[in-house]
Amino acid sequence: MNKNTQGLAQFPSDLYEVKPTEWEANNAHALLLRSHKLQEEEVDVTVRAIARCGAGTNNIPVVRMTEMGIPVFNTPGANANAVKELVLCGMLLGSRRIVDGVNHMKDLGAEGLARERVEKDKAMFGGREIRGKRLAVIGLGHIGSSTARDAHQLGMEVVGYDPGLNVEAALKLPRNMDLADSISSAVSHADYISINIPYIKGTPEEGGTHGIIGADIIHSFKSDAVLLNFARGELVDSDAMKAFLDSGNGRYVSDFPEDALWDHPNAVILPHLGASTEEAEDQAAAMAADTIREYIETGTIRNSVNFPATELPDRPADAIRMTVVTKNKPGMLAHLTSAFGKEDLNIIQQINHSRGEVAYNVLDIDPHTSDGHPVKLKDLQRELTMLDGVLSSRILFGNPGAGYARNVDGQYFI
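Starting from 1, residues in each chain are numbered consecutively following that chain's sequence as written. In keeping with the predicted nature of the model, local features appear solely for residues at pLDDT of at least 70, side-chain atom pairs appear and are counted solely at 80 or more, and the whole-chain, interface and lining totals rest on all residues. Side-chain metrics rest on all non-hydrogen atoms present in the structure, leaving aside hydrogens and water.

Description of the pattern of salt bridges
For side chains bearing opposite charge, pairing can occur when the charged atoms are close.
And then number 1: In the sections that follow, a salt bridge refers to a side-chain nitrogen of Lys or Arg positioned within 4 Å of a carboxyl oxygen of Asp or Glu. Scanning the model with the defined rule gives 17 salt bridges in all.
And then number 2: Here Glu 40 and Arg 64 are joined by a salt bridge, their closest N and O atoms 3.0 Å apart. Here Glu 40 is found in the loop between strand 1 (30-33) and strand 2 (49-52), whereas its partner Arg 64 is found in helix 2 (residues 62-67), with 24 residues between them in sequence.
And then number 3: When its relative accessible area of 36% is taken as the criterion, Glu 40 is described as partly exposed.
And then number 4: Of the charged contacts in the structure, one is a salt bridge between Asp 191 and Lys 222, with a shortest N-O distance of 2.7 Å. Within this pair, whereas Asp 191 is found in the loop between helix 8 (183-187) and strand 7 (192-195), its partner Lys 222 is found in the loop between helix 9 (215-218) and strand 8 (226-229), the two being separated by 31 residues in sequence.
And then number 5: Looking at Lys 222, the relative accessible area reads 28%, which means it is partly exposed.
And then number 6: In this structure, a network of salt bridges that share partners links the residues Glu 40, Arg 64 and Glu 67. Secondary structure is summarised from DSSP: a helix means a run of H or I of at least four residues, a strand means a run of E of at least two, and numbering begins at the N terminus for each. Burial classes: relative accessible area under 20% of the type maximum marks a residue as buried, over 50% as exposed, and values in between as partly exposed (1.4 Å probe, protein chains only).

If you want it as structure tokens, here you go:
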């Protein structure tokens, strides 16, 4: 479901058959998509994995895919530079009334008055420089940390807030950057505020981020602060932002549709351009394709939004690798190992990780029983797959994607 040629080129033609259009996706082993709104009925029983060429996965029914035992992948960081550049552009748009000036010149040009009025009217669109100003970055992931670094290089004073900041991310920040202990303290003296946090359903009191930039936070803004929202529109309380813009000289620059503010004189609303560059689209598609290939060919899970990150050392020579997706409930691992023991098979190495309602197992087994007989893979896979609580299984050998079986409401599908 993805037509990006760079991404599709990651799949060797001698190993993969690529069908780039929705109506050719029947019996697909994996789906790649960008903005297509995926419906459950489009996910054939053959689908092993789904990848979105982008960070957000709100166009994929992730909860249902988890229930079906299908990992969903995204591409965090692939569009970070593109979004970061637009954030920096947004700071300038919020400082110099550039959009108003452009529209004014078009109006004057239509009247044949541009040359006559340009010097007189330019005073209507005065602004300020960003050098020496204070930028608060809320969320210090790929985009936030990149924004902080470049803003620092532009001579800005930078303060950040991220309760989930880890050592790896911290090392990417400017050395003399301040870290605040709350959003309110981060924004209180900021001239510019960039929000770069994920959208999670529910209010902040419920553990979500819907409306996290609400009246209480906005009350801490300077009267002429510029809020930059290139994360998600739902993060900002529109009514509270409108009241702020009405009361002073603040600005709001957003990359998302906004019914309450689209025509406000102190707002600049863009048509979701953040990741809309050729480079970002190519990088996201290539990253998604590589993630799918790694999962299909080795069982490795990286950048999944619903499955646990899982990586096992290379499969030993002559060993058979199997993966089993189960419901995350007590006793499942014991049931799996018991099935191997019953067939007199030796597990060379294994790993079991869980996340939420699902557990993922990778096992490398000896291809022969203890008395030297070859393992009966078909019988073993059927027995494993039909255990209560098992969602799917794979035997990784031969052509990528082969050896797949699912337990569909108690029915065995291969």
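Here the narrative resumes.
Some points on the nonpolar core
Burial of nonpolar side chains together is a common tendency in soluble globular proteins.
And then number 1: We define the nonpolar core as a collection of buried residues of types Ala, Val, Leu, Ile, Met, Phe, Trp, Tyr and Cys that are connected through side-chain atoms lying within 4.5 Å of one another. The biggest cluster of nonpolar side chains holds 29 residues, and the ones touching the most others in it are Ile 138, Ile 193, Ile 213, Phe 221, Leu 227 and Met 241.
And then number 2: At the level of secondary structure, the elements contributing two or more residues to this core comprise strand 4 (134-138), strand 5 (157-161), helix 8, strand 7, helix 9 and helix 10 (238-247).
And then number 3: Among the elements that take part in this core, helix 10 stands out by supplying 4 residues, more than any other.
And then number 4: Between two residues, a contact is recorded if the distance between any of their heavy atoms is within 4.5 Å. Ignoring any residue separated from it by four or fewer positions in sequence, one finds Phe 221 in contact with Val 187, Ile 193, Ile 213, Leu 227, Met 241 and Phe 244.
And then number 5: In this structure, Val 83, Met 91, Ala 151 and Leu 228 belong to the second largest nonpolar core, which totals 25 residues.

Regarding the side chain of Thr 57
And then number 1: Among the secondary structure elements, Thr 57 is positioned in the loop between strand 2 and helix 2.
And then number 2: For Thr 57, the residues in contact, after removing those within four places along its chain, are Arg 52, Val 62, Val 72, Asn 74 and Val 305.

A short note on the pairing of strand 8
And then number 1: Both faces of strand 8 are covered, namely the face carrying Val 226 and Leu 228 and the face carrying Leu 227 and Asn 229.
And then number 2: Pairing of strand 7 with strand 8, which is carried by 4 bridges, proceeds in the parallel orientation. When the sheet's bridge partners are listed, Ser 194 is paired in strand 8 with Leu 228.
And then number 3: By definition, two strands form a pair when at least two bridges between them are found by DSSP. Note that strand 8 and strand 9 (residues 251-254) share 4 bridges and pair parallel. Residue pairing across strands places Leu 227 opposite Tyr 252, the latter belonging to strand 9.
And then number 4: Here the term right-handed applies to a crossover when the path leading from its first strand over the helix to its second strand runs clockwise, the strands being oriented away from the viewer. Of the crossover connections in this fold, the one passing from strand 8 over helix 10 to the parallel strand 9 is right-handed.

Re the sheet that holds strand 15 (residues 404-408)
Pairing between sheet strands relies on hydrogen bonds along the backbone, with the strands arranged either parallel or antiparallel.
And then number 1: With respect to topology, 6 strands assemble into an open sheet ordered 12-13-11-14-15-16, the strand pairing being antiparallel. Of all strands in the sheet, those with a lone pairing partner are strand 12 (347-355) and strand 16 (411-413), marking the two edges. In this sheet, adjacent strand axes meet at a mean angle of 15° when their direction is disregarded.
And then number 2: Contacts between helix 13 (residues 377-385) and the sheet are confined to strand 11 (320-327), strand 13 (358-365), strand 14 (390-396), strand 15 and strand 16, with strand 14 contributing the most and set at about 155° to the helix. The angle between two axes is taken between their N-to-C directions and runs from 0 to 180 degrees, where each axis is a line fitted to C-alpha atoms and a helix contributes only its stretch in contact.

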